Amino acid sequence: MNAEKSRDLALLLLRLSLGALILLHGIAKLRGGLDGIVGMLQAHGLPGFFGYGVLVGEVLAPLLLILGWHARLGAALIAANMLVAIGLVHLGQLAQLNEQGGWAIELQAMFVAAAVAIALAGPGRYSLNGK
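Quick notes on the rules
- Each chain has its residues counted from 1, following the order in which its sequence is written.
- Given that this is a predicted model, residues contribute local features only at a pLDDT of at least 70 and side-chain atom pairs are listed and counted only at 80 or more, while totals for whole chains, interfaces and linings are drawn from all residues.
- To obtain the side-chain values, all non-hydrogen atoms of the structure were used and water was disregarded.
- Here, a salt bridge means any side-chain nitrogen of Lys or Arg that lies within 4 Å of a carboxyl oxygen of Asp or Glu.
- A simple rule labels every residue: compare its accessible area, found with a 1.4 Å probe on the protein chains alone, to the largest value its type can have, and call it buried under 20%, exposed over 50%, or partly exposed in between.
- Secondary structure elements follow DSSP: runs of H or I no shorter than four residues count as helices, runs of E no shorter than two count as strands, and numbering proceeds from the N terminus.
- Take the buried residues of types Ala, Val, Leu, Ile, Met, Phe, Trp, Tyr and Cys, join any two whose side-chain atoms come within 4.5 Å, and each joined set is a nonpolar core.
- Axis definition: a line fitted to C-alpha atoms, limited for helices to the stretch in contact. Angles are taken between N-to-C directions and run from 0 to 180 degrees.
- Here a crossing is called left-handed whenever its near helix is offset anticlockwise from the far helix by less than a right angle, and right-handed whenever the offset is clockwise.
- By definition, residues are in contact when any of their heavy atoms lie within 4.5 Å.
- Here the term charged refers only to Asp, Glu, Lys and Arg, the term nonpolar to Ala, Val, Leu, Ile, Met, Phe, Trp, Tyr, Cys and Pro, and the term polar to all other amino acids, Gly among them.
- Given a helix with a known number of residues, its expected span is that number minus one, times 1.5 Å.
- Contacts described as polar in this section are N or O atom pairs within 3.5 Å, which, within protein, must combine one atom able to donate a hydrogen with one able to accept it, while residues neighboring in sequence count only if both atoms come from side chains.
- A pair of aromatic rings is counted whenever rings of Phe, Tyr or Trp (Trp by its six-membered ring) have centres within 6.5 Å, and the orientation is called stacked for planes under 30 degrees apart, edge-to-face for over 60 and tilted otherwise.

Caption draft 1: Seen up close, the pattern of salt bridges. Taken as a whole, this structure holds four salt bridges when the rule is applied. Close ionic contact of aspartate 8 with arginine 7 constitutes a salt bridge, the shortest N to O distance being 3.8 Å. Classification of aspartate 8 by relative accessible area gives buried; the value is 3%. Across the pair glutamate 58 and lysine 29 runs a salt bridge, and its minimum N-O distance is 2.8 Å. Of the two residues, glutamate 58 sits in helix H3 (residues 53-67) while lysine 29 sits in helix H1 (residues 3-32), which places them 29 residues apart along the sequence. Several salt bridges share partner residues, and in doing so they unite Glu4, Arg7, Asp8 and Arg125 into one network.

Below you can see the structure in the form of structure tokens.
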């Protein structure tokens, strides 16, 4: 397998895994509602309707990644969504370790890193529009 084909397969795997994992969070919010998120935003002095942005970052953006249709935009939306989540929910955990010795926000950090990597590298050849 040549280097270009390996790269495209790696980007496909990265897009599909990040997209599916984030989409599961979005589906949970569709099923359970956004009341908790709206309340949290309001508690931070932000308008509650910003909570609907979570659906963009956790439903629409992952679908863009999975399909490979404007995947760079989808990845950027996921990264922004995760940075807001870290700022609102996990800020106090930035310098903490979990019980196993790992970083307390390692999952969130991995989501941000994967999203930034896709935003920079693009979706690869195995995508709907290569953007």
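Caption draft 2: Focus on the nonpolar core. Residues Leu18, Ile22, Leu65, Ile78 and Met82 are the most contacted members of the largest nonpolar core, which totals 16 residues. Broken down by secondary-structure element, the contributors of at least two residues to this core are H1, H3, helix H4 (71-90) and helix H5 (106-121). Looking at this core, the element that brings in the most residues is H4, giving six residues. Among the nonpolar cores identified, the runner-up in size contains five residues, and Ile37, Val38, Leu41 and Val54 belong to it.

Caption draft 3: Local environment of the packing of H1 against H3. Where H1 meets H3, the axes come as close as 8 Å, and the angle between the chain directions of the two elements is 150°. Classified by chirality, the crossing of H3 by H1 is left-handed. Contacts from Arg15, Leu16, Leu18, Gly19, Ala20, Ile22, Leu23, His25, Gly26, Lys29 and Leu30 of H1 reach H3 at Val54, Leu55, Gly57, Glu58, Val59, Pro62, Leu63, Leu65, Ile66 and Leu67. By residue class, the composition of the contact of H1 with H3 is 14 nonpolar, four polar and three charged.

Caption draft 4: H1, seen in detail. Given a rise of 1.5 Å per residue, 30 residues ought to cover 44 Å, and the 44 Å separating the end C-alpha atoms of H1 matches this to within 8%. Within H1, the full set of buried residues consists of Asp8, Leu11, Arg15, Leu18, Gly19, Ile22, Leu23, Gly26 and Lys29. Of the surrounding secondary structure, the elements contacted by the buried residues of H1 are helix H2 (35-43), H3, H4 and H5. The backbone nitrogen of glutamate 4 has a side-chain oxygen 3.2 Å away, supplied by the residue at the start of H1, namely asparagine 2. Glycine 33 sits one or two residues past H1 and shows a positive phi near 90°.

Caption draft 5: Summary view of the packing of aromatic side chains. All told, the structure shown has one aromatic pair when counted by the stated rule. Considering the side-chain rings of phenylalanine 49 and phenylalanine 50, the 5.0 Å spacing of their centres and the 85° angle between planes classify their relative orientation as edge-to-face. Relative accessible area serves as the criterion here: at 57%, phenylalanine 49 is assigned to the exposed category.

Caption draft 6: Molecular detail of the environment of leucine 63. Within the secondary structure, leucine 63 is located in helix H3. For leucine 63, a relative accessible area of 38% gives the class partly exposed. Separated by 43 residues in sequence, leucine 63 and alanine 20 place their C-alpha atoms 8.2 Å apart.

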